[in-house]
Amino acid sequence: MIRRASLVLVGALMGATAMSVIYSAGVPAEAAGASTYKELSVFGDVFERVRAQYVTPPAEDKLIENAINGMLSSLDPHSSYMNAKDAADMQTQTKGEFGGLGIEVTMEDELVKVITPIDDTPAAKAGVLAGDYISEIDGQSVRGLKLEDAVEKMRGPVNTPIKLTLIRKGADKPIELTIVRDVVAVQAVKSRVEDDVGYLRVISFTEKTYPDLEKAIEKIKKTVPADKLKGYVLDLRLNPGGLLDQAIQVSDALLQRGEVVSTRGRNPDETRRFNAGPGDLTDGKPVIVLINGGSASASEIVAGALQDLRRATVLGTRSFGKGSVQTIIPLGENGALRLTTALYYTPSGRSIQGTGITPDIKVEEPLPDDLKGKMTTEGESSLRGHIKGQSETDEGSGSVAYVPPDPKDDVQLNYALDLLRGKKTDPSFPPNPDKAVSAK
């Protein structure tokens, strides 16, 4: 049933990191023109001047690394250089366990911006919220730092404290939090039974995701007889992404056939398509997918595939809109280059870059009084220097990323449960697979 894809990250997971979609592959480069190499000679002259005449002897390796990152950061927010340590760390993170705080971040306006805290991690427990800006780490300003350097500062030995200064919209003054680092073992899938409905929350897409999902569905089946089980809620809210092959497998777990996702690069021959095979772990039971502004990359691939193929109804608010692909090009002992090389497309042929997934049924999640005015819309379209999507408009992508801690207060979840139980009706539910939308 499951066709494995090459190693691809769709939203990397670190103690704190940037979002990305990653291929592990080598890519041949075309030779540059003579004028380009002439300009490179100017770089060489500047480097020599700085190396030889700067007031204090600079670290030459850092000069080169910073120059490379300066070039890459001028392209888009997701292209970057990883030194040997960072490249090794990236491979470790795909295991679904890492050391750190447990936050998904990017760099914006010279500050570290929190995309989302990961459930049940030190950062989440300490009260870090999506949309917070980290202005200081252990009393030192993050301005002037690369994102990778800020991430490195937030990492450290388990059981050691770190002090973060946060700027939060609506707060009168900066918020100071002391967080104790811990091993962040991300549980890929959480599940429970809501009386006659199976609830599946995919937290991230790591190597554990599909096996965890398979076990969760089997457990639900054993708990609720098939004739009593109304269906499943697949909760992808606040899911920042992870491995592409896991996104494909999760989609495939609910599909009998059809294209799950395609990636398209600069040249037509770089197009890759990933298809589902026979076999549905849920035995065809109705499925409702929940998304919000914290649903990015791999979670958008799953939501887009199930929506286009009319296997599930998507409910919630517009997703983050991260639809670009970064190729990891190994540089031997010097680390690796993470370079944006393609966009991914849902089965209908739509790119969600800068637009996100629009739910079939829009249901806003009310904010509690203490958060009103303090949480903003999060989306790819708001990132400085992002690649403009082919369908992107001024409306942009993303929405407020908030999920109530108590399921009883979860308006989106309870709306989905009412649909599955027949207490509410909507033309979009249940979807008709015969009306699947595919690319023309």
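Residues numbered from 1 in each chain as written. Predicted model: local features only at pLDDT ≥ 70, side-chain atom pairs only at ≥ 80, totals over all residues. Heavy atoms only, no water.

### Examining the pairing of strand β20 (residues 313–316)
(1) Moving on: The alternating pattern of β20 places T313 and L315 on one face and V314 and G316 on the opposite face, and all of these are buried.
(2) Moving on: For the crossover that starts at strand β19 (residues 287–291), traverses helix α8 (residues 298–308) and ends in the parallel β20, the hand is right-handed.
(3) Moving on: For β20 and strand β23 (residues 361–362), the ladder comprises 2 bridges, and the chain directions are parallel. Across the sheet, the residue bridging to G316 is K362, located in β23. (Buried < 20%, exposed > 50% of the residue type's maximum accessible area, 1.4 Å probe, protein only. Helix = DSSP H or I, 4+ residues; strand = E, 2+ residues; numbered from the N terminus. Right-handed = clockwise from strand over helix to strand, strands pointing away. Pairing = 2+ DSSP bridges.)

### Remarks on the sheet that holds strand β14 (residues 197–202)
(1) Moving on: Strand order in the open sheet formed by 6 strands is β13-β14-β15-β19-β20-β23, and the pairing between neighbours is mixed. Sheet topology places β13 (189–194) and β23 at the edges, where each strand pairs with a single neighbour.
(2) Moving on: Pairing between β19 and β20: 4 bridges, direction parallel. Pairing of V289 across the sheet is with V314, part of β20.

### Some details on the layout of surface pockets
(1) Moving on: What the second largest pocket holds in volume is close to 710 Å³.
(2) Moving on: For the second largest pocket, the lining is made up of 30 residues, of which D119, L238, V403, P404 and P405 are closest to its centre.
(3) Moving on: Those elements that provide at least two residues to the lining of the second largest pocket are β7 (111–117), α4 (122–126), β13 and β14.
(4) Moving on: Class assignment for the residues of the lining of the second largest pocket results in 17 nonpolar, 3 polar and 10 charged.
(5) Moving on: Mapped onto the domain boundaries, the lining of the second largest pocket takes at least three residues apiece from domain 1 (97–185) and domain 2 (189–435). (1 Å grid on protein atoms, 1.4 Å probe; cavity = no way out; pocket = protein on both sides within 12 Å on 5 of 7 lines; lining within 4 Å. Points joined across faces, edges and corners; volume = space filled by probe spheres on them. Nonpolar A, V, L, I, M, F, W, Y, C, P; charged D, E, K, R; others polar. Domains from an automatic or database assignment.)

### Some remarks on the side chain of K146
(1) Moving on: As for its placement among the helices and strands, K146 is situated in the loop between β9 (140–141) and α5 (147–154).
(2) Moving on: For K146, a relative accessible area of 16% corresponds to the buried category.
(3) Moving on: For K146, the side chain forms a polar contact with the side chain of E65, separated by 3.1 Å.
(4) Moving on: Look past the residues within four positions of K146 in its chain and what remains in contact with it is E65, N66, N69 and M107. (Polar contact = N/O pair within 3.5 Å; in protein donor to acceptor, adjacent residues only side chain to side chain. Contact = heavy atoms within 4.5 Å.)

### A few points about the domain arrangement of the protein
(1) Moving on: By domain assignment, the protein separates into domain 1 (97–185) and domain 2 (189–435).
(2) Moving on: When each unit is reduced to the centre of its C-alpha atoms, the spacing between domain 1 and domain 2 is 25 Å.
(3) Moving on: Domain 1 puts 17 residues into the contact, and the matching count from domain 2 is 17 residues.
(4) Moving on: Interface area, domain 1 with domain 2, both sides summed: about 1,500 Å², of which 54% is carbon and sulfur.
(5) Moving on: Here domain 1 and domain 2 share 2 salt bridges between them.
(6) Moving on: With a shortest N-O distance of 2.5 Å, R384 and D109 are connected by a salt bridge. (Buried area = accessible area lost by both parts, 1.4 Å probe. Salt bridge = Lys/Arg side-chain N within 4 Å of Asp/Glu carboxyl O.)

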